[in-house]
Amino acid sequence: SCLAVTNFAMQQWVLLLGLLCVAGCRSDPLDCKKDLVLLQRKGALSRAEHLDPVNEDLPHIVNLSPQLRELVLAGPDTIFFDAVIRDFQQSHADFDSFNGHMEGLVLPILGEDKKPVYNPKNDNSSLFPQPPLSNKENFDQWFRDVPGVNKRLNFRMDFVKSASGTYVHDDEAFFPIDGKGWNDTRIGLDNQSHNFYFTLEMHASFVYIPGLSFTFRGDDDVWVFMDNKLVIDLGGVHGPLQKTFSVDELNLTEGEAVDLRFFFAERRCCGSQFRMETTIVPVTGTCTIWGDPHIDPFDNGIFGRPKVDALGIYSSGDYWLVKNDQIKIQARYGTTIYTPSNMSALLSLAFSGSWLWNDALIIEPEEGEITYAGSPILTTFPAEFSNRISRLRYVPGEEHIDGVLKNYPVKMIQAFFTRNVRVTINRWPKHIDAIIQMPQQLGGQDGHCGNFNFDISDDSLEKVTSRVPLLPEESLFPKEEWVVSTSAAPMSMSKQASVADCDESIKLKALAACRETMAEEGEPDTVNKAMVRHACVFDYCFGGKDFVAEGVIVDHEAEVAASAAGAAGD
């Protein structure tokens, strides 16, 4: 199959849909590396150049605007998309039973559950004398988990950057689940035994800019939907077919978020070709936790939209920052010498889930420790730690922050994980601040960092704190003197302080101190300064000037990280 898109762009925390064409590279994805980018399967982090440097003289690159041209040339060497494969058996009525390409097997609009909808016309024998689908009941099993009928397997599709600046996933013998699932094998065209009879679905989001196009080539059934509308229809059991769609036909507004849903089926022995070539990168967001703590969710400012005030969560206890089927990130909030008894700061972070082989990484302030699977790591400074799925660097923070205050040196942890997750931590003596950068996750996510659905309106303080309680048995942290809250909304709203509660004379000093600190820290014009200043004044009023300096530093670092997220591709 071949997926193709023309042009490339980014707005803040997003690498966008771009140039696609049929030609591309056949390089092994495992051989393409980038400095500080985790190799997903080899499990090594190393420095290397592109195997095939991007040809800057290609007409489509020369004609790009300077900004877009720089983004294409500076993009990561490898990207991936999450996909779900469901393995079927040859005995299923829709597999190994039909032949021929036929459009119109599914309705032109996705169903409410974002799955293709069986077209009732398939049941009309005059229209389809030899229908390539048996019936609605059997088709509805294709992209849904049905025990005893199919077996679900998660699959990461790796893409390698080509000399033309595109990303390529190309496989002339596409058998991603050999030896897995039902493993009912047949002999393929290469005279090897393979597991046929499976479906695949993939979801992604991109930002529209004029001139984008999309091409797919492969076999068998392929349906591509954008914003729930069918844009490519290659239904049926057939050899490799190709079709192109111009995204301009959707009549979108430049900068608008677009939902892409891709559905594929391999229904017949004995060949399987699958080729995609694209510069699509899943939408990447940034969640920042700093100060008392303040939380800037993934959806705040996404796609260049105006920012709203950060959330202020001032209670003590253990809470979800990110909860997903595979990725689990938790925060422990508690008091410090800077915070009153009814306020808190971020005392530690915990990471676990299947993406980390269910081991736990726990990071505490300087007066605490850093542990991985129960063993201390990064016990000296500076230091590094790495294994097959992660790399952590413990380094001086001033090397990575412009204009850091001389009186407030900070130690920083840079953590790189599989699934394109990156975490930056300012490690202070008694608390930590954090920046989490990650793609939108398949299957959804939620927590204090929000549900990452591109809608900041449903990430208000009330909604975020009521959706995903962290039960005691779910906590990844060592037990402390407080009891982990089991209520959905653990905070007493009446006990929460606000800037209005600050003494007027202290507030004036706070405003002056925050203006001075933000100026020295070099806050760029792109930052929502009103939000930052509000949080800064709050920290001064209830935490003192030391907290102010630490808070502004981490917010400035978040802005730098967000600006670089797309271009760096980490």
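Residues numbered from 1 in each chain as written. Predicted model: local features only at pLDDT ≥ 70, side-chain atom pairs only at ≥ 80, totals over all residues. Heavy atoms only, no water.

Draft legend 1. Spatial organisation of the overall build of the chain. Scanning the chain for helices and strands turns up 7 helices and 28 strands. Going through the 570 residues of the chain one by one, you find that 57% of them count as buried. Contacts in the chain between residues at least 24 apart in sequence constitute 67% of all its contacts with a sequence separation of at least 6. Of the roughly 22400 Å² of accessible surface on the chain, a fraction of 49% belongs to carbon and sulfur atoms. (Helix = DSSP H or I, 4+ residues; strand = E, 2+ residues; numbered from the N terminus. Buried < 20%, exposed > 50% of the residue type's maximum accessible area, 1.4 Å probe, protein only. Contact = heavy atoms within 4.5 Å. Areas by Shrake-Rupley, 256 points an atom, 1.4 Å probe, with all protein chains shown as cover.)

Draft legend 2. A look at the sheet that holds strand β17 (residues 311-312). Here 8 strands make up an open sheet; going across it, the order is β17-β16-β15-β28-β27-β26-β25-β24 and the pairing antiparallel. Each end of this open sheet is capped by a strand with a single partner; those strands are β17 and β24 (383-386). (Pairing = 2+ DSSP bridges.)

Draft legend 3. Geometry of the side chain of Glu201. With respect to the helices, strands and loops of the structure, Glu201 is situated in strand β7 (residues 198-207). Separated by 2.9 Å, the side chains of Glu201 and His203 make a polar contact. Those residues in contact with Glu201 that lie beyond four places of it in its chain are Ala83, Val84, Arg86, Lys115, Phe143, Phe262 and Phe263. (Polar contact = N/O pair within 3.5 Å; in protein donor to acceptor, adjacent residues only side chain to side chain.)

Draft legend 4. Just the pattern of salt bridges, in detail. According to the stated counting rule, one finds 22 salt bridges in the structure shown. The shortest N-O distance in the salt bridge between Lys411 and Glu366 comes to 3.5 Å. Here Lys411, found in strand β26 (residues 411-417), pairs with Glu366, found in the loop between β21 (361-363) and β22 (370-372); they are 45 residues apart in sequence, far enough to count as distant. Given a relative accessible area of 26%, Lys411 falls into the partly exposed group. Because the salt bridges share partners, they merge into one network encompassing Arg86, Lys115, Asp145, Arg152 and Glu201. (Salt bridge = Lys/Arg side-chain N within 4 Å of Asp/Glu carboxyl O.)

Draft legend 5. Broad picture of the environment of Gly317. Structurally, Gly317 is set in strand β18 (residues 317-323). Residue classification places Gly317 among the buried positions, given a relative accessible area of 0%. Here the alpha-carbon distance between Gly317 and Ser344, two residues 27 residues apart in the chain, equals 9.3 Å.

Draft legend 6. Just the nonpolar core, in detail. Membership of the largest hydrophobic core comes to 48 residues, with the highest contact counts inside it found for Ile289, Leu321, Leu349, Phe351, Leu361 and Ile436. Broken down by element, the residue count for this core peaks at 4 residues, all from strand β28 (residues 432-439). Ignoring sequence-local partners within four residues, the contact set of Phe351 consists of Lys328, Ile329, Leu356, Asp359, Ala360, Leu361, Ile363, Val423 and Leu476. Counting 36 residues, the second-largest nonpolar core is a separate cluster that includes Phe155, Phe174, Tyr208 and Leu260. (Core = buried A, V, L, I, M, F, W, Y, C linked by side-chain atoms within 4.5 Å.)

Take it as geometry only, folks, not as evidence of what the structure does.
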